[in-house]
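An overview of the molecular structure
Now for the letters of each chain:
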Amino acid sequence: MNSAAAGASTPDTRTGRFGGWFRRARSGIDSLPVHLPVRLGGAGISQTKATPMRVLGFDQALVWVTVALLTWGLVMVYSASIALPDNPRFARAGYNASFFLTRHAASVAFAFIAALLAFQIPMKTWERAAPWLFVASLLLLVAVLIPHIGINVNGARRWLPMGFMRFQPSELAKLAMVLYAASYMVRKMEIKERFFRAVLPMGIAVVVVGMLVMAEPDMGAFMVIAVIAMGILFLGGVNARMFFVIAALVVVAFGTIVASSPWRRERIFAYLDPWSEEHALGKGYQLSHSLIAIGRGEIFGVGLGGSVEKLHWLPEAHTDFLLAVIGEEFGLIGVLLIIGLFLWLTRRVMHIGRQAIALDRVFSGLVAQGVGVWIGFQAFINMGVNLGALPTKGLTLPLMSFGGSAILMNMIALAVVLRIDYENRVLMRGGRV
């Protein structure tokens, strides 16, 4: 009887044992380490709310590198501009020694607030707004060309008065092109191999933007916008032969623009021989003094604040040629550190984009990689100009040079990348965005 009773109790015992095992297994799934980059299938369905950012975190290394570049840029803008009020052109306006520092610090603070707001916007909202943001950038590019609306400085009409700052629509056009090109490639993914249905419409959009930007004129901004569009087309999977055809057409277009403009041709000749008597005091003046500044810095530099070239010798030392002042005051070590920081930042942003694409978030991935192309290419051009490796071109050093519009758009773009990284982390933990 005891054995019968034991036999009768065996199924219940087994059921209880297996039931307990399954309950432990199921609870164990919910307690898996949060760093596993997988979705947990049906067992993870109950975890549908996005985990708060304090639990998920964000890419702190990317944030700190950005902060380091912004802080160093703030110090160098002050160092490079401290003597500008002695210049009669600025003295008449009543500028003091800290005028550019104050303006730049205000721009960084405003950009930080805008970046915080941009981070709160989900990528689905950015995707829906991409075409409208592109249209808005086109309208602003038209508005800047209208007399009495756009501000004319040294023959260039590139700015709109915004009260506390001068806004440069071409900077917004860069961000708009990143978002629009990524959205376009997602919509055309099924026909991306067809030139006339997929690539040609995007090329027309770039040409329209280019015509408006070149009317300012701002060839440097047009180059960046064209490279952004080409980069996203390539990363989006456009046929390699079509991509090289597009690249060849872009090179021919820029070559034609340079050949048809006498003062642009002079810049090319000055770049080839900046020390000649003909160019040293003309189109090669900035390049020659930039090279002098970097040469004076040697290995370790002359020390912070010790630059001589910023004392009215090197034009635009606080904007386009900030790297030359860094090279003079911090030497080769400082220049290599700047190059290393931008290289790491670009690589990290591209990695976040690849991670998003691996999670089937193609739009987010292309946006992140487009931002990486934008910042990496513009930094490359600026560094090449300052070091004499490329012809002189008016492009600022991202995150560092003086310029409210550029800082604002750079910060918003990186905030969007951080949002992409945040959503990646949510999805990798089985959450929902």
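Quick summary incoming for the structure in this document.

Scoring rules and cut-offs
- Residues numbered from 1 in each chain as written.
- Predicted model: local features only at pLDDT ≥ 70, side-chain atom pairs only at ≥ 80, totals over all residues.
- Heavy atoms only, no water.
- Helix = DSSP H or I, 4+ residues; strand = E, 2+ residues; numbered from the N terminus.
- Contact = heavy atoms within 4.5 Å.
- Areas by Shrake-Rupley, 256 points an atom, 1.4 Å probe, with all protein chains shown as cover.
- Phe/Tyr/Trp six-rings, centres within 6.5 Å; stacked < 30°, edge-to-face > 60°.
- Buried < 20%, exposed > 50% of the residue type's maximum accessible area, 1.4 Å probe, protein only.
- Lys NZ or Arg CZ within 6 Å of the ring centre and 35° of its normal.
- Pairing = 2+ DSSP bridges.
- Salt bridge = Lys/Arg side-chain N within 4 Å of Asp/Glu carboxyl O.
- Expected span 1.5 Å × (residues − 1).
- Axes fitted to C-alpha atoms, helices over the stretch in contact; angles between N-to-C directions.
- Parallel < 35°, antiparallel > 145°, perpendicular 65-115°, else oblique.
- Left-handed = near helix turned anticlockwise from the far one by under 90°.
- Nonpolar A, V, L, I, M, F, W, Y, C, P; charged D, E, K, R; others polar.
- Core = buried A, V, L, I, M, F, W, Y, C linked by side-chain atoms within 4.5 Å.

Take the overall build of the chain next. Secondary structure summary: the chain contains 15 helices and 3 strands in total. Intrachain contacts of the chain at a sequence separation of at least 6 include 70% that bridge at least 24 residues. Total accessible area on the chain stands at roughly 21,300 Å², and carbon and sulfur atoms take up 67% of it.

Applying the stated criterion across every chain, the model contains 7 aromatic pairs. With centroids separated by 5.1 Å and ring planes inclined at 50°, the aromatic side chains of Phe222 and Phe254 adopt a geometry described as tilted. Placement of the pair is Phe222 in helix 9 (residues 219–235) and Phe254 in helix 10 (residues 240–259), with a sequence separation of 32 residues. The burial state of Phe222 is the same as that of Phe254; both residues are buried. Here the aromatic cluster, defined as three or more aromatic residues joined through ring pairs, consists of Phe99, Phe100 and Phe402. Above the face of the Phe119 ring, Arg419 is positioned so that its terminal group lies 5.9 Å from the ring centre.

This part is about the sheet that holds strand 1 (residues 151–153). Taken together, the 3 strands give an open sheet; going across it, the order is 1-2-3, and neighbouring strands pair in antiparallel fashion. With partners counted over all chains shown, the strands left at the sheet margins are strand 1 and strand 3 (166–167), one partner each. Of the pairings in the sheet, the one linking strand 1 to strand 2 (residues 156–161) comprises 3 bridges and is antiparallel in character. Counted as the bridge partner of Asn152 is Arg157 from strand 2.

In this section: the pattern of salt bridges. Evaluated as defined, the whole model comprises 8 salt bridges. A salt bridge links Arg419 to Glu423, with the shortest nitrogen-to-oxygen separation between them at 2.9 Å. Placement of the pair is Arg419 and Glu423 together in helix 15 (residues 404–428), with a separation of 4 residues, close to one helical turn. What makes Arg419 buried here is its relative accessible area of 12%. Across the pair Arg425 and Asp421 runs a salt bridge whose closest N-O atoms are separated by 2.8 Å. Linking Arg425 with Asp421, this pair stays in helix 15, spanning 4 residues, or about one helical turn. Both residues of the pair, Arg425 and Asp421, count as buried. If you follow the salt bridges from partner to partner, you end up with Asp59, Arg348, Asp421 and Arg425 in one network.

Our next topic: unusual backbone geometry. Across the junction of Glu216 and Pro217, the peptide omega takes the value -5°, indicating a cis bond. One non-glycine residue, Glu316, adopts positive backbone phi at about 55°.

Here the focus is helix 7 (residues 169–187). Across its 19 residues, helix 7 extends 26 Å between first and last C-alpha, which sits within 8% of the 27 Å expected from 1.5 Å per residue. Summarising burial for helix 7: 17 of the 19 residues are buried, a large majority.

At a minimum axis separation of 10 Å, helix 13 (residues 322–358) and helix 15 run at an interaxial angle of 40°. Judged by the inter-axis angle, helix 13 sits oblique to helix 15. Handedness of the crossing formed by helix 13 with helix 15: left-handed. In contact with Leu345, Arg348, Val349, Ile352, Gln355 and Ala356 of helix 13, helix 15 contributes Leu414, Val417, Ile420, Asp421, Asn424, Arg425 and Met428. Per-class residue counts for the contact of helix 13 with helix 15 are 8 nonpolar, 2 polar and 3 charged.

The next point concerns the packing of helix 9 against helix 14 (residues 362–386). Helix 14 packs onto helix 9 with a crossing angle of 140° between their chain directions and a minimal axis gap of 9 Å. On the basis of their axis angle, the class for helix 9 and helix 14 is oblique. In the crossing of helix 9 with helix 14, the sense of the turn from one axis to the other is right-handed. Facing Met223, Val224, Val227, Ile228, Ile232 and Leu235 of helix 9, the residues of helix 14 in contact are Leu366, Gln369, Gly370, Val373, Trp374, Phe377 and Gln378. Considered class by class, the residues forming the contact of helix 9 with helix 14 number 10 nonpolar, 3 polar and no charged.

Residue placement: Leu387 occurs in the loop between helix 14 and helix 15. Residue Leu387 is classed as partly exposed on the basis of its relative accessible area, which comes to 37%. Separated by 60 residues in sequence, Leu387 and Gly327 have C-alpha atoms that sit 9.4 Å apart. Not counting the four nearest positions on each side in its chain, Leu387 is found in contact with Leu291 and Ile294.

Note that Gln168 resides in the loop between strand 3 and helix 7. With sequence-adjacent residues up to four places away left out, Gln168 is seen in contact with Arg158, Trp159, Asp218 and Ser405.

Time to look at the environment of Asp218. Among the structural elements, Asp218 can be located in the loop between helix 8 (195–214) and helix 9. For Asp218 and Lys393, which are 175 residues apart along the polypeptide, the C-alpha to C-alpha distance reads 9.4 Å. Residues within four places of Asp218 in sequence aside, it is in contact with Arg158, Gln168, Ser170 and Val213.

Another point: the nonpolar core. One finds Met177 and Ile338 to be the most contacted residues of the largest nonpolar core, which totals 111 residues. Among the elements that make up this core, the one with the highest residue count is helix 15 (14 residues).

Looking along a regular strand, one sees the side chains alternate between the two faces of the sheet. Hairpin connection from strand 1 to strand 2: 2 residues lie between these consecutive antiparallel strands, with Asn154 at a positive phi of about 55°. As paired elements, strand 2 and strand 3 share 2 bridges and run antiparallel to each other. Pairing of Pro161 across the sheet is with Arg166, part of strand 3. In textbook terms, the turn of a hairpin is the stretch between consecutive antiparallel strands, and for strand 2 and strand 3 this stretch comprises 4 residues, one of which, Gly163, has a positive phi near 80°.

The values are spatial; any link to function lies outside them.
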